[in-house]
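Residue strings, one per chain:
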Amino acid sequence: MALDPELLADVERRITVGSTAERAVYDAFASYRALLANAGEYLAGRVADLDDVRNRIVARLMGVPMPGVPDSDEPYVLVARDLAPADTALLDPALVLGFVTEEGGPTSHSAILARALGVPAVVALAAATDLAEDLTVAVDGSTGEVLLDPSPERQAELRRIAAERKAALAASSGPGQTSDGHPVPLLANVGGPADVPAAVAAGAEGVGLFRTEFLFLDDSAKAPSEDAQVLAYRAVLEAFPESRVVVRVLDAGADKPLAFLSPGEEPNPALGVRGLRSLLEHPGILRSQLRALARAGEGLPVYLEVMAPMVADRQDARAFADACREAGLRAKFGAMVEIPSAALRARAILQEVEFLSLGTNDLAQYTFAADRQLGSVARLQDPWQPALLDLVALAAEAARATGKSCGVCGEAAADPVLACVLTGLGVTSLSMGAASIPYVRAALAKHTLAQCERAAAAARAVDSAEEARAAANQVLSGE
Ligand code: PEP
Ligand code: MG
């Protein structure tokens with residue numbers, strides 16, 4: 001594209017009549033962009049490629065680093081201010097050894113993606129982008145340490161520790177349960193068929209969160225066709241025979257914009273028309289997704305469950321359940337608990353749907369009024385915050401009282417000690433990136449349900465995330 005003679009001639013003409021080179025490139029690309037965007041489904045999909053080429057040329061002209069994910073043939077640690085979901089879709093998992101980001105909290109998409117890839121990540125590291133390129137760094141995701149230029153001896157030692165950790169985990173297998181046999185199904189969070197092999201290899205007992213919007217982030221200009229959706233959903237459903245697969249309908253907006261679903265300018269997108277709200281404003285898109293799910297599940301021996309993101313109240317839950325029924329979907333319908341109002345009134349929501357799934361990432365964001373993309377407020381997104389645990393307890397208790405299930409599919413479920421606490425709070429399943437499953441399985445297997453309940457009570461009896469973590473660890477280590 002960059003070598004196209006007509007495009008070059010257009011740029012030169014614009015420069016001759018007075019544009020700067022950067023402006024000329026931008027404007028020349030704009031006319032091609034419009035042509036492609038209107039030229040049918042396949043070519044419209046190439047608009048993003050054209051924008052990428054344009055941005056790279058403009059960056060070169062301005063003498064600033066290339067935007068987006070760098071090209072490399074060698075494995076590398078990616079250091080960035082933050083990563084957008086669309087950037088991360090382009091990463092080659094064979095080449096990325098780890099992430100370090102300046103922004104982003106523990107539930108940001110960079111952190112979620114790192115867990116999905118099973119690579120270590122450190123987020124919210126101030127001045128991370130000051131790190132020089134080509135420096136050798138070692139990233140320890142379990143302690144949050146980034147070591148600069150470690151000596152060859154230290155490198156060898158770090159490699160040995162990493163290999164030992166991996167070997168210990170490989171030994172864990174089987175369904176999730178406490179040491180006294182209380183079952184806690186361990187499910188996988190997936191973003192599409194590409195994540196399935198790792199989930200199966202980790203022994204996931206099903207899928208607890210299929211983030212369907214991830215399939216469409218790289219081409220968010222138009223709504224996905226029903227047929228394309230059927231193929232993608234079926235590929236995931238087929239991988240889990242006789243198992244639960246919980247599919248979340250498109251969750252667009254704020255940190256996951258999809259052009260065909262996002263509203264115009266809003267002063268606070270995270271508080272605007274997003275998640276279920278946008279689907280209710282675009283009932284045709286919701287209907288086509290539900291129909292695609294119904295078709296994808298046809299004839300497969302799978303327990304399909306479908307849930308809505310960002311449910312605020314009973315009215316939302318009812319609107320979603322009605323839409324599922326109208327689409328003829330034979331599945332369980334559920335609601336995500338991501339807004340404090342949904343946890344507070346979980347019983348009312350359970351009058352309309354059959355299960356709850358706690359999205360602790362957004363639940364923390366909305367409980368603490370702390371943007372999950374902002375490193376500076378990462379302290380408040382810590383899922384060990386006792387206020388968050390209180391809301392989890394409320395939702396789990398409502399589900400227990402009505403004989404329904406209440407899982408956790410936010411990043412909280414991926415923390416092995418917190419997973420024990422969540423179990424103690426009454427949560428009925430845990431869903432996480434595949435790489436975390438062995439860690440959580442091993443932690444649960446070490447403790448009884450009663451110990452988990454005592455750890456949960458201890459964590460809720462204090463007033464900070466640090467104290468909650470310490471209190472739970474103390475109970476679980478039997479000190
Ligand atoms: C959540 O908010 O916890 C969640 C699971 O959804 P997402 O991270 O995709 O917003
Ligand atoms: Mg969410």
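What counts, and at which threshold
- Once a new chain begins, its residue numbering starts again from 1 and follows that chain's sequence as written.
- Chains carry letters and ligands carry numbers; both start at the beginning, A for chains and 1 for ligands, and go up in the order they are written.
- Local features in this predicted model are restricted to residues of pLDDT 70 or higher, and side-chain atom pairs are both shown and tallied only at a pLDDT of 80 or more, whereas totals for entire chains, interfaces and linings draw on every residue.
- Side-chain measures here rest on the full set of heavy atoms in the structure, leaving out hydrogens and waters.
- Think of it this way: any DSSP run of H or I at least four residues long counts as a helix, any run of E at least two long counts as a strand, and we number them from the N terminus.
- For this measure, only C-alpha atoms enter the radius of gyration; the expected value for a globule follows 2.2 Å times N^0.38, where N is the number of residues.
- For each residue, the accessible area found with a 1.4 Å probe, counting protein chains only, is set against the maximum for its type, and the residue is called buried under 20%, exposed over 50%, and partly exposed in between.
- Every residue pair with non-hydrogen atoms within 4.5 Å of one another is taken to be in contact.
- Computed by Shrake-Rupley with a 1.4 Å probe, the accessible areas treat only the displayed protein chains as cover when residues are assessed.
- Lys and Arg are tallied as positive, Asp and Glu as negative. Neither His nor the chain termini are counted.
- Where a charge lies is defined by one atom per residue type: Lys uses NZ, Arg uses CZ, Asp uses CG and Glu uses CD.
- What fixes the domain bounds is an automatic or database domain assignment.
- Two strands make a pair as long as DSSP finds a minimum of two bridges between them.
- Lines fitted to C-alpha atoms define the axes, with helix axes restricted to the stretch in contact, and inter-axis angles between N-to-C directions lie between 0 and 180 degrees.
- Only the six-membered ring of Trp is used, alongside the rings of Phe and Tyr, when aromatic pairs are assigned; centres must lie within 6.5 Å, and planes under 30 degrees apart are stacked while those over 60 apart are edge-to-face, with the rest tilted.
- One side-chain nitrogen of Lys or Arg within 4 Å of one carboxyl oxygen of Asp or Glu is enough to make a salt bridge.
- Side-chain atoms within 4.5 Å link the members of a nonpolar core, which is a set of buried Ala, Val, Leu, Ile, Met, Phe, Trp, Tyr and Cys residues.

1. As for the overall build of the protein
Part 1 of the argument: A count of helical and extended segments in the protein gives 20 helices and 13 strands.
Part 2 of the argument: The globule rule puts the C-alpha radius of gyration for 479 residues at 23 Å, and the 23 Å found for the protein is close to it.
Part 3 of the argument: If you line up the protein on its principal axes, its C-alpha atoms span 80 × 65 × 40 Å.
Part 4 of the argument: Looking at the protein as a whole, 48% of its 479 residues are labelled buried.
Part 5 of the argument: Contacts in the protein between residues at least 24 apart in sequence constitute 60% of all its contacts with a sequence separation of at least 6.
Part 6 of the argument: Counting every atom, the protein has about 21,900 Å² of accessible surface; 54% of that belongs to carbon and sulfur.
Part 7 of the argument: Across the protein, the centroid of the 42 positively charged side chains sits 6 Å from that of the 63 negatively charged ones.

2. A few points about the domain arrangement of the protein
Part 1 of the argument: Entries for the protein in the domain assignment read domain 1 (5-62), domain 2 (76-153) and domain 3 (172-477).
Part 2 of the argument: Taking only C-alpha atoms, the centre of domain 1 and the centre of domain 3 are 41 Å apart.

3. With respect to the sheet that holds strand S7 (residues 206-211)
Strand pairing in a sheet relies on backbone hydrogen bonds. The paired strands run either parallel or antiparallel.
Part 1 of the argument: Ordered by their spatial adjacency, eight strands build a closed barrel running S6-S7-S8-S9-S10-S11-S12-S13, and the pairing between neighbours is parallel. Sheet twist, expressed as the average angle between the axes of neighbouring strands with direction ignored, equals 25°.
Part 2 of the argument: Summarising the sheet, strand S8 (residues 244-248) and strand S9 (residues 303-308) pair through five bridges and their orientation is parallel. Opposite Val246, over in S9, you have Glu305 as the bridge partner.
Part 3 of the argument: Here helix H12 (residues 314-326) sits on the sheet in contact with S9 and strand S10 (332-337), set at roughly 150° to S10.

4. A few points about the packing of aromatic side chains
A ring pair, where both rings are aromatic, is described by two values, the distance of the centres and the angle of the planes.
Part 1 of the argument: Taken as a whole, this structure holds one aromatic pair when the rule is applied.
Part 2 of the argument: Relative to Tyr233, the ring of Phe210 has its centre 5.9 Å away and its plane inclined at 85°; by these criteria the two rings are edge-to-face. Of the two residues, Phe210 is situated in strand S7 and Tyr233 in helix H9 (residues 226-238); the sequence distance between them amounts to 23 residues. Tyr233 carries the same exposure label as Phe210, and that label is buried.

5. Some points on the pattern of salt bridges
Part 1 of the argument: A full pass over the atoms with the stated rule returns 25 salt bridges.
Part 2 of the argument: Among the salt bridges present, the one from Arg33 reaches Asp51, with a minimum N-O distance of 2.7 Å. Within this pair, whereas Arg33 is found in helix H2 (residues 21-37), its partner Asp51 is found in helix H4 (residues 47-62), the two being separated by 18 residues in sequence.
Part 3 of the argument: Its relative accessible area of 31% is what places Arg33 among the partly exposed residues.
Part 4 of the argument: With relative accessibility at 15%, the residue Asp51 sits in the buried group.
Part 5 of the argument: One salt bridge in this structure joins Arg248 and Asp251, with 3.5 Å as the shortest N-O distance. Across the pair, exposure class does not vary: Arg248 and Asp251 are buried alike.
Part 6 of the argument: Members of the salt-bridge network, linked through shared partners, are Glu213, Arg248, Asp251, Lys256, Arg274, Asp362 and Arg372.

6. Considering the environment of Ala364
Part 1 of the argument: Along the polypeptide, Ala364 turns up in helix H15 (residues 360-367).
Part 2 of the argument: Separated by 27 residues in the primary sequence, Ala364 and Leu391 place their C-alpha atoms 9.8 Å from one another.
Part 3 of the argument: Discounting chain neighbours no more than four positions away, the residues touching Ala364 are Ala369, Gln381 and Leu388.

7. Considering the side chain of Ser436
Part 1 of the argument: For Ser436, the location among the structural elements is in the loop between strand S13 (429-432) and helix H18 (437-444).
Part 2 of the argument: Ignoring sequence-local partners within four residues, the contact set of Ser436 consists of Arg115 and Ala414.

8. Considerations on the nonpolar core
Part 1 of the argument: Membership of the largest hydrophobic core comes to 99 residues, with the highest contact counts inside it found for Val421 and Leu430.
Part 2 of the argument: Sort the elements by how many residues they give to this core and helix H16 (residues 386-402) lands first, with nine residues.
Part 3 of the argument: If you look at the next biggest cluster of nonpolar residues, it comprises 12 residues, including Val69, Leu78, Leu91 and Phe99.

9. Observations concerning unusual backbone geometry
Part 1 of the argument: Even without being glycine, Asp134 reaches a positive phi, approximately 75°.
Part 2 of the argument: Turning to its location among the elements, Asp134 is positioned in the loop between strand S3 (121-122) and strand S4 (137-140).
Part 3 of the argument: Here Asp134 falls in the exposed class, since its relative accessible area comes to 78%.
Part 4 of the argument: One non-glycine residue, Asp149, adopts positive backbone phi at about 45°.
Part 5 of the argument: Tracing the backbone shows Asp149 in the loop between strand S5 (145-148) and helix H7 (152-170).

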